[in-house]
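# Tertiary structure, described
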Amino acid sequence: MSDVQAVEEGAGTMTGPTSEEAAASEPTAAAVPAAAVSKTETAEAEPAVVTASASAPQAPVLELRDVVAGYGPFRALFGVSFEVAPGEALALVGSNGVGKTTVARVASGLVTPTQGTVHVDGVDMTGAKPYRYARAGVAHATEGRSVFATLTVEENLALSFGRVRGKRGVREALEQAYELFPVLGERRRQLAGSMSGGQQRMLSMARVMVEVPKILVADELSLGLAPIIVAELYEALRKLREQGTALLIVEQQVAHALDLCDRVVLLGHGSVEWTGASADAGDVVTQAFEPAH
């Protein structure tokens, strides 16, 4: 199958699954097109929309309640609960292998909890297809790179933007992407596969950030990248937040995440071990990453 065919058929996942979670591989919520569905599927998969009264407090843009999840017989999460308020930035941190990526996949519909529920804007989305999460405003920038190597930078972006905005909206979206990441504008005619790892990461991020989702779930942005590239990515996230997008930043290298985020959730062995303000997280996080004696 060609790269273009893969995009048009809804396989525009920002990256392939990690080796840890290959069994859960599905299209990423941020890149799944709004495919037509039958009335039967809609009735089964689409949660009922609950309209809140004007006087009611605003619901969290994302909430996990007592989530238990895993892959086949392997259980990765044990009763995870937290919420992200509209416009808030929340850092989900923890050492490698504690379940952070599984939380990100649950939050975007790629993994369905075996127990517990997932709510978006107060609506129970548990068990809904990933594109339902995308329609509800959840974007997922997965770990690693996700580009079509044999297409140019501009072709990669145009394919993504065209599905969402149509042909007439592509030019404006491209301009926004190049303003967000100027290096992409400089390399618009370059094959994506020939760019550096950091530039490919910027390209994959631009494909979802230009659409200004309600919440962006960003998984391990800093993994394998030079510090200067990481700083540029986090500056782009800061600008996205200023436009009203909430952030769930999943990180193992926590310095940038703590600087950007309001609150921190510390995950350990599939459970929430601590949650609190970023300003209070320094000692807690340091102790969590200290090697066991």
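Cut-offs and rules
- Residues numbered from 1 in each chain as written.
- Predicted model: local features only at pLDDT ≥ 70, side-chain atom pairs only at ≥ 80, totals over all residues.
- Heavy atoms only, no water.
- Axes fitted to C-alpha atoms, helices over the stretch in contact; angles between N-to-C directions.
- Helix = DSSP H or I, 4+ residues; strand = E, 2+ residues; numbered from the N terminus.
- Parallel < 35°, antiparallel > 145°, perpendicular 65-115°, else oblique.
- Contact = heavy atoms within 4.5 Å.
- Nonpolar A, V, L, I, M, F, W, Y, C, P; charged D, E, K, R; others polar.
- 1 Å grid on protein atoms, 1.4 Å probe; cavity = no way out; pocket = protein on both sides within 12 Å on 5 of 7 lines; lining within 4 Å.
- Points joined across faces, edges and corners; volume = space filled by probe spheres on them.
- Pairing = 2+ DSSP bridges.

### Observations concerning the packing of helix α8 (residues 197-209) against helix α9 (residues 227-242)
- Between α8 and α9, the shortest axis-to-axis distance is 10 Å and the interhelical angle comes to 10 degrees. Looking at the two axes, α8 sits roughly parallel to α9. Between α8 and α9, the residues in contact are Gly 198, Arg 201, Met 202, Met 205 and Met 209 and Ile 229, Glu 232, Leu 233, Ala 236, Leu 237 and Leu 240, respectively.
- Tallied by class, the residues present in the contact of α8 with α9 amount to 8 nonpolar, 1 polar and 2 charged.

### A closer look at empty space enclosed by the protein
- Scanning the entire structure with this criterion turns up 2 cavities of 30 Å³ or more.
- Its volume calculated, the second largest cavity comes out at about 40 Å³.
- Val 106, Gly 109, Val 111, Thr 112, Pro 113, Thr 126, Gly 127, Ala 128 and Tyr 133 together form the lining of the second largest cavity.

### Here we look at the sheet that holds strand β3 (residues 89-93)
- The sheet built from 6 strands is open, its strands ordered β6-β7-β8-β3-β9-β10 with mixed pairing. For this open sheet the edge positions go to β6 (138-141) and β10 (271-277), each flanked by a neighbour on one side alone. Ignoring strand direction, the axes of neighbouring strands in this sheet form an average angle of 15 degrees.
- Judged from the 4 bridges that link them, β6 and strand β7 (residues 215-219) form a sheet pairing that is parallel. Each bridged residue has a counterpart across the sheet, and for His 140 the counterpart in β7 is Val 217.
- Relative to the sheet, α9 contacts β3, β7 and β8 (246-251), its axis offset from that of β8 by approximately 155 degrees.

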